[in-house]
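Close look at the chain arrangement
Spelled out from the first residue to the last, the chains are:
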Amino acid sequence: MSDHADGYGRTQAEIESARVRFRRALSLMVMTLVAPGSAQLVAGNKRVGRLALRIWATLWGLALLLVLLGLLDRGIVITLLTSPGILWVLRFGLIALALGWVALFADAWRLGSPLRLERGHRLALSGVSGVLCFVTAGLLFVASNLMAVQQDFITTVFGSSVVHEAEQGRYNVLLLGGDSGKGREGLRPDSLTVASIDAETGDTVLVGLPRNLADVPFPEDFPMHEEFPDGFDCEGCYLNSVNTWADDHPELFGGKGHEGIAATQAAVEEVTGLQISYHVLINMKGFASLVDAVGGVKVRVRQRTAIGGIGSPITGWIPKGRQVLDGREALWYARSRVQNSDYSRMARQKCVMNAMLQQLDPNTVLLKATGIAESSKKMLSTDIPAGELDTFVDLALKAREAKVSTVSLVPPKIDTGDPDFDKIRKMVAKAVERSEKGDEKSAGAKPSGGATSAATAKSGGSAEGSTGGGDPDKERAARVNESEDLSSAC
C-alpha cells in the first residue's frame with residue numbers, strides 16, 4: 001500500500017490511525033452501555049470501573065432474583081412493589097443510577113480522547129454520547145417518576161392502619177358509588193354492592209343492594225339501633241340515605257368521623273349477614289376520569305341508554321351493540337334510569353365493574369400508571385390499609401381468571417318496600433355457598449335463589465323468578481342480577 005497523501009495532506013497511515021482512534025472511542029461508549037464501568041476498567045480509573053461493574057452485577061442479580069420470586073410466588077413481588085418504603089428506595093435509587101450512568105458515559109467520552117479525533121469523528125462521537133445519555137437516563141427518570149406516583153397514590157388513598165382478617169375465608173368489601181354534586185344534600189351512595197371474595201381463589205360474589213331498600217335494621221349495639229329499633233323507618237328513609245342521616249347526627253357516634261360510612265356498613269352487615277372487612281367509596285365523577293385514563297371501557301350495550309335525564313335534559317344516547325365508552329358515556333351507562341328501572345341500572349353497574357376488572361391488565365396499568373393514579377385519587381376513598389394492598393392486588397389478578405357470580409335483592413324475590421331480611425340473608429348465604437362449591441356447581445348443581453346459569457344467560461332465556469311479562473329490559477336485568485357467570489350474562 002502506498003503512503004500517498006489525501007486531499008488534506010494526510011498519509012494513508014494517518015487516515016487509518018484516525019479510524020482506529022474513532023473505533024476505540026465508540027467501543028468505550030458501547031462498553032459503558034452494555035456493562036457500565038468496563039470502559040474505566042480497560043482504559044481509565046480501574047477502581048471506579050470495578051465499583052461500577054460490581055453495582056451493575058448486583059442489580060442484575062437482584063433483577064433475576066425478583067423474576068424467580070415472581071415465578072414461585074407473585075405475592076412477594078406484589079408486596080415489594082406496593083410497599084411505600086421500598087418504592088421510596090427504588091425512586092431515589094433509580095435517580096442515583098441515572099446520574100451515575102451519565103457520569104460514566106461522560107468519562108468514557110473523555111477516555112476516547114475526543115480532541116485527538118478528526119472533526120467529523122468528534123461530532124459523531126458527541127452525538128452518540130448524547131443519545132446514549134438521553135435514552136438511558138430518560139428511561140430511568142421515567143421509572144423513578146412511576147415509583148413516585150405509585151408511592152404518592154398508596155400513601156394518599158390507603159392511609160388506614162386497621163387490618164381485618166378474612167371472615168370465614170372471604171373478604172367482604174362494601175363498594176359504594178355516589179355523587180356529591182350540585183343540588184345534592186350530602187353524598188348519597190346510590191350504588192351499593194358487597195364484593196365477597198374468596199381469599200384463596202379470588203372467586204367473587206357480587207351482592208347488589210337496592211338504594212330504595214326500606215326499614216333496614218342496625219345491630220343492637222350500634223347507636224342508630226336505639227333511634228330506629230324497628231329499622232330505618234323515617235319519612236323518605238331508605239338504605240342510600242343512611243349515610244346522610246348519620247353524617248347529620250355526629251353526636252350519636254362520639255364525633256369519631258366517617259359516621260355515614262360506619263352506619264351504612266352496619267346496616268349492610270345486618271341486611272346481608274356478611275361481616276364487612278373494608279369499604280371502598282367511589283366518586284362517580286372520578287370514575288369517569290379513570291375510564292378516560294385507561295382509554296375507555298368495552299361493554300355490550302343491550303339496550304339504547306340515555307345520556308342525561310337525571311335532573312337535566314337528555315343530551316344523547318348510547319347506541320345498542322358492542323361499544324367502547326369514554327368516561328362520560330360509561331358514567332351515564334352505569335347511572336341512567338331513563339326508560340328503565342333501578343334494577344336495570346344495578347345490572348349495568350355490575351357489567352361495567354366486570355368489564356373494568358377484565359380490561360385493567362398489568363400492561364395497561366403500567367403504561368398508564370400516572371393517569372390511573374391521578375384519577376383514582378379523585379375517585380377512591382377507602383379504609384383498606386397500605387399493608388393489605390398486596391393482598392387485594394393479588395386477589396384482583398386471581399379474580400380476572402375466576403368466575404364472578406351475582407345475587408341482587410330485587411323484585412319479585414324481594415319487596416324493597418317491605419323486605420324479608422331473613423330471606424335476604426338466606427339468599428346471600430346460598431350464593432356464597434354456590435361460589436365456594438366451584439366444580440360441583442359447574443357440574444350441574446341446580447342454581448338456588450333464582451340464579452341463572454351461564455348457559456341460560458348465553459341463550460337469552462328468562463331467569464327463574466324473573467320479572468317476566470315479556471319485558472326484555474326486566475328479563476335482561478334479572479339475568480345479570482342473578483347470574484352465576486357475570487361475563488356470560490353481560
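Higher on the page you've got the structure.
In this report, the structure presented in the accompanying data block is examined.

Definitions and limits used
Starting from 1, residues in each chain are numbered consecutively following that chain's sequence as written. Per-residue local features are limited, in this predicted model, to residues with pLDDT of at least 70; the limit for side-chain atom pairs, both in listing and counting, is 80 or more; totals at the level of whole chains, interfaces and linings are taken over all residues. Just so you know, side-chain values use all the structure's heavy atoms and leave hydrogens and water out. Think of it this way: any DSSP run of H or I at least four residues long counts as a helix, any run of E at least two long counts as a strand, and we number them from the N terminus. Note on contacts: a residue pair is in contact if any heavy atoms of the two residues lie within 4.5 Å. Fitting a line to C-alpha atoms yields each axis, with helices limited to the stretch in contact; the angle taken between N-to-C directions then spans 0 to 180 degrees. Under this scheme an angle from 65 to 115 degrees is roughly perpendicular, one under 35 degrees roughly parallel, and one over 145 degrees roughly antiparallel; angles in between are oblique. As a working rule, the residues Ala, Val, Leu, Ile, Met, Phe, Trp, Tyr, Cys and Pro are called nonpolar, Asp, Glu, Lys and Arg charged, and the rest polar, with Gly in that last group. Any two cysteine sulfur atoms lying within 2.5 Å of each other are counted as a disulfide. The classification of residues rests on relative accessible area computed with a 1.4 Å probe and restricted to protein chains. Under 20% of the type maximum is buried, over 50% is exposed, and intermediate values are partly exposed. Only centres within 6.5 Å qualify two rings of Phe, Tyr or Trp (six-membered ring in Trp) as a pair; their planes then separate them into stacked at under 30 degrees, edge-to-face at over 60, and tilted for everything else. By the criterion adopted, a ring carries a charge over it if an Arg CZ or a Lys NZ lies within 6 Å of its centre and within 35 degrees of its normal. Each patch is built from residues that are more than 30% exposed by relative accessible area and take part in no salt bridge. Like charges join if they lie within 9 Å; nonpolar side chains (Val, Leu, Ile, Met, Phe, Trp, Tyr) join within 5 Å. Only the protein chains shown count as cover for residues, and all accessible areas are computed by the Shrake-Rupley method using a 1.4 Å probe. Criterion for a salt bridge: a side-chain nitrogen of Lys or Arg within 4 Å of a carboxyl oxygen of Asp or Glu. In this tally, Asp and Glu contribute negative charge and Lys and Arg positive charge; neither His nor the terminal groups of the chain are included. The atoms used to mark charge sites are NZ of Lys, CZ of Arg, CG of Asp and CD of Glu. A helix is expected to reach a length of 1.5 Å times the quantity of its residues less one. Strand pairing is assigned whenever DSSP identifies at least 2 bridges connecting the two strands.

As for the environment of Ile78
- Residue placement: Ile78 occurs in helix α4 (residues 74-81).
- The spatial distance from the C-alpha of Ile78 to the C-alpha of Thr391 is 8.3 Å, given a sequence separation of 313 residues.
- Those residues within four positions of Ile78 in sequence are excluded, and the remaining contacts are Asp390, Val393, Asp394 and Leu397.

Side note on the packing of helix α3 (residues 46-72) against α4
- One way to put it is that α3 packs onto α4 with a least axis distance of 5 Å and a crossing angle of 125 degrees. In this view, α3 runs oblique relative to α4, as classed from their interaxial angle. Along its contact with α3, which presents Leu66, Leu69, Gly70 and Leu72, the element α4 presents Arg74, Ile76, Val77 and Leu80.
- Its residues assigned to classes, the contact of α3 with α4 comprises 6 nonpolar, 1 polar and 1 charged.

A word on the state of the cysteines
- Within this structure, the stated rule accounts for 2 disulfides.
- A sulfur-sulfur separation of 1.5 Å characterises the disulfide bridge that pairs Cys234 with Cys237. Residues Cys234 and Cys237 are joined by a disulfide whose S-S torsion is about -85 degrees; by sign, that bridge is left-handed.
- Relative accessible area serves as the criterion here: at 26%, Cys234 is assigned to the partly exposed category.
- One disulfide bridge connects Cys351 with Cys490, the sulfur atoms lying 2.0 Å from each other. Given an S-S torsion of about -90 degrees, the disulfide between Cys351 and Cys490 has left-handed geometry. With Cys351 in helix α12 (residues 342-359) and Cys490 in the segment after α20 (486-489), the pair connects residues that are 139 residues apart, well separated along the chain. Take Cys351 and Cys490: they sit in the same class, and that class is buried.
- Here the chain pairs its bonded cysteines, counted in sequence order, in the arrangement 1-2, 3-4.

A few points about the packing of aromatic side chains
- One pass over the full model with this rule turns up 13 aromatic pairs.
- Here the aromatic rings of Phe218 and Phe222 are separated by 6.2 Å at their centres, their planes lie at 15 degrees, and the arrangement is stacked. Pair check on accessibility: Phe218 and Phe222 agree, each one buried.
- Taking 4.9 Å as the distance between ring centres and 85 degrees as the angle between the ring planes, the aromatic pair formed by Phe228 and Phe232 counts as edge-to-face. Comparing Phe228 with Phe232, the two get one shared label, buried.
- Taken together, Phe218, Phe222, Phe228, Phe232, Trp245 and Phe253 form an aromatic cluster joined through their ring pairs.
- The ring of Trp317 carries Arg304 above its face, with NZ or CZ at 3.7 Å from the centroid.
- Sitting over the ring of Tyr333, Arg348 keeps its end group 5.7 Å from the ring centre.

Here's the deal with a positive patch on the surface
- Together, Lys46, Arg47, Arg50 and Arg54 line one region of the surface with positive charge.
- Locating Arg47 in the fold gives a position in helix α3.
- Residue Arg47 is classed as exposed on the basis of its relative accessible area of 70%.

Details of helix α15 (residues 389-401)
- For α15, spanning 13 residues, the distance from its first C-alpha to its last is 19 Å, which sits close to the expected 18 Å at 1.5 Å a residue.
- Here α15 has its buried residues at Leu389, Asp390, Phe392, Asp394, Leu395, Ala399 and Arg400.

Some thoughts on the pairing of strand β10 (residues 404-408)
- For β10, a buried count of 5 out of 5 residues is recorded, marking the element as mostly surrounded by other parts of the structure.
- The two faces of β10 match: Val404, Thr406 and Ser408 on one face and Ser405 and Val407 on the other face are all buried.
- Pairing of strand β3 (residues 204-209) with β10 involves 5 bridges; the strand directions are parallel. Within β10, the position partnered with Leu206 by the bridge is Thr406.

Remarks on α12
- With 18 residues, α12 extends 26 Å from end C-alpha to end C-alpha; this agrees with the ideal 26 Å at 1.5 Å per step.
- Most of α12 is tucked away: 14 of the 18 residues are buried.

Let's talk about the pattern of salt bridges
- In this structure the tally under the stated criterion is 9 salt bridges.
- Here Lys398 ties to Asp394 by a salt bridge, and the two come within 3.6 Å at their closest N and O atoms. Taken as a pair, Lys398 and Asp394 lie in helix α15 at a separation of 4 residues, close to a single helical turn.
- The class for Lys398 is partly exposed, based on a relative accessible area of 23%.

Focus on the environment of Leu281
- Among the structural elements, Leu281 can be located in strand β4 (residues 278-283).
- Classification of Leu281 by relative accessible area gives buried; the value is 15%.
- On a C-alpha basis, the gap between Leu281 and Met379 in space is 7.9 Å, while along the polypeptide they are 98 residues apart.

As for unusual backbone geometry
- The amide bond that connects Pro411 to the next residue, Pro412, takes the cis arrangement and shows omega of 5 degrees.
- With respect to the helices and strands, the residue Pro412 is situated in the loop between β10 and α16 (421-437).
- In this structure, Ser113 takes a positive phi of about 50 degrees despite not being glycine.
- Within the secondary structure, Ser113 sits in the loop between α5 (84-111) and α6 (119-157).
- Positive phi values are uncommon outside glycine, yet Asp215 reaches one of about 55 degrees.
- When you line up the elements, Asp215 lands in the loop between β3 and α7 (223-227).
- Its relative accessible area of 28% is what places Asp215 among the partly exposed residues.

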